[in-house]
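Observations on the model geometry
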Amino acid sequence: MMQELIKLQRGCLATAVLILEKDAELLSPSLTMEATINDNILFTCSLGNPVFKRQLEKMKEGEETVYFIIKAIDQLTEDEQEKYIGLVKNREFQGYFLPENVILVFTIEKQENVKKVAKDLYSFCVSVF
């Protein structure tokens, strides 16, 4: 994994990084969320306050770079992956905008699973394996 290439994505709009799941532990500090999180949990929040906001806001303070890792994107169908496109494209989710020092990372189990990533989502990703 090329950590230098990942760090270059800091401050880039409409960009996410795609890595192998086993490499996620190398990124620190990080907030990890399963891509398969139940939609009732993910979308049951007040506008501007998604389930991950409080932890991400706490982590961003005093850190040059924070990694928001969404694990196992390849376990979702292409239709299910669409809920994350706005998070990448606009760096926004239900009225909450990702801080500038946050790098969005998606994981897949193995390199061959890149073909399971929805084309629309993949078009915003930099593959680092």
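Residue indices begin from 1 for each chain and proceed along its sequence in written order. At least 70 in pLDDT is required for a residue's local features to be given in this predicted model, at least 80 for side-chain atom pairs to be given and counted, and no such filter applies to totals for whole chains, interfaces and linings, which use all residues. Each side-chain value is worked out from all heavy atoms of the structure, with water and hydrogens disregarded.

For the rest of this paragraph, the subject is the nonpolar core. What makes a nonpolar core is a set of buried Ala, Val, Leu, Ile, Met, Phe, Trp, Tyr and Cys residues whose side-chain atoms join them at distances within 4.5 Å. Accessibility here uses a 1.4 Å probe with only protein chains present; expressed as a share of the type maximum, an area under 20% marks a residue as buried, one over 50% as exposed, and anything in between as partly exposed. Counting residues in hydrophobic clusters, the biggest one holds 31 residues, and the most contacted among them are Phe52, Phe68, Ile73, Tyr84 and Phe106. Every element with two or more residues in this core is listed here: strand 1 (16–20), strand 2 (30–34), helix 3 (53–60), strand 3 (66–71), helix 5 (85–89) and strand 6 (102–108). Only DSSP runs of H or I reaching four residues or more are called helices, and only runs of E reaching two or more are called strands; each is numbered from the N terminus. For this core, the leading source of residues is strand 6, giving four residues. The contacts of tyrosine 84, once residues within four sequence positions are left out, are Met33, Glu34, Ala35, Ile37, Leu42, Ile70, Ile73, Leu76, Phe106 and Leu121. Counting residues in hydrophobic clusters, the runner-up holds ten residues, among them Ile6, Val17, Ile69 and Val105. Any pair of residues with heavy atoms lying within 4.5 Å of one another is described as a contacting pair.

Turning to the sheet that holds strand 3, a few remarks are in order. Here, any two strands with at least 2 DSSP bridges between them count as paired. Read across the sheet, five strands follow the order 2-3-6-1-7 without closing on themselves; strand pairing throughout is parallel. Each having just a single partner strand, strand 2 and strand 7 (125–127) make up the two edges of the open sheet. Strand-to-strand twist across the sheet, computed as the mean angle between neighbouring axes with direction ignored, equals 30°. Taken together, the four bridges between strand 1 and strand 6 define a ladder with parallel strand orientation. Axis definition: a line fit to C-alpha positions, over the contact stretch in the case of helices; interaxial angles, taken between N-to-C directions, run 0 to 180 degrees.

Time to look at the side chain of aspartate 74. Counting through the fold element by element, aspartate 74 comes out in the loop between strand 3 and helix 4 (78–81). In this structure the side chain of aspartate 74 is engaged in a polar contact, spanning 2.6 Å, whose partner is the side chain of asparagine 113. Polar contacts here mean pairs of N or O atoms no more than 3.5 Å apart (in protein, one a potential hydrogen donor and the other a potential acceptor; neighbouring residues in sequence count only if both atoms are side-chain atoms).

What follows deals with the pairing of strand 3. Looking down a regular strand, the side chains alternate between one sheet face and the other. Within strand 3, five of the six residues are buried, which leaves the element mostly enclosed by the surrounding structure. Across five bridges, the pairing between strand 2 and strand 3 is parallel. Paired with methionine 33 across the bridge in strand 3 is isoleucine 70. Across five bridges, the pairing between strand 3 and strand 6 is parallel.

What follows is about the packing of aromatic side chains. A pair of aromatic rings is counted whenever rings of Phe, Tyr or Trp (Trp by its six-membered ring) have centres within 6.5 Å, and the orientation is called stacked for planes under 30 degrees apart, edge-to-face for over 60 and tilted otherwise. Using the criterion set out here, one finds five aromatic pairs in the structure. Their ring planes at 45° and their centres at 4.7 Å tell us that phenylalanine 52 and phenylalanine 68 sit as a pair that is tilted. With phenylalanine 52 in the loop between helix 2 (39–43) and helix 3 and phenylalanine 68 in strand 3, this residue pair connects regions lying 16 residues apart in the sequence. Side by side, phenylalanine 52 and phenylalanine 68 carry an identical accessibility label, which is buried. Summarising the aromatic geometry, the rings of phenylalanine 52 and tyrosine 96 are spaced 6.1 Å apart at their centres and angled 65° between planes, so their arrangement reads as edge-to-face. One end of the pair, phenylalanine 52, is in the loop between helix 2 and helix 3; the other, tyrosine 96, is in strand 5 (residues 96–97), with 44 residues separating them in the sequence.

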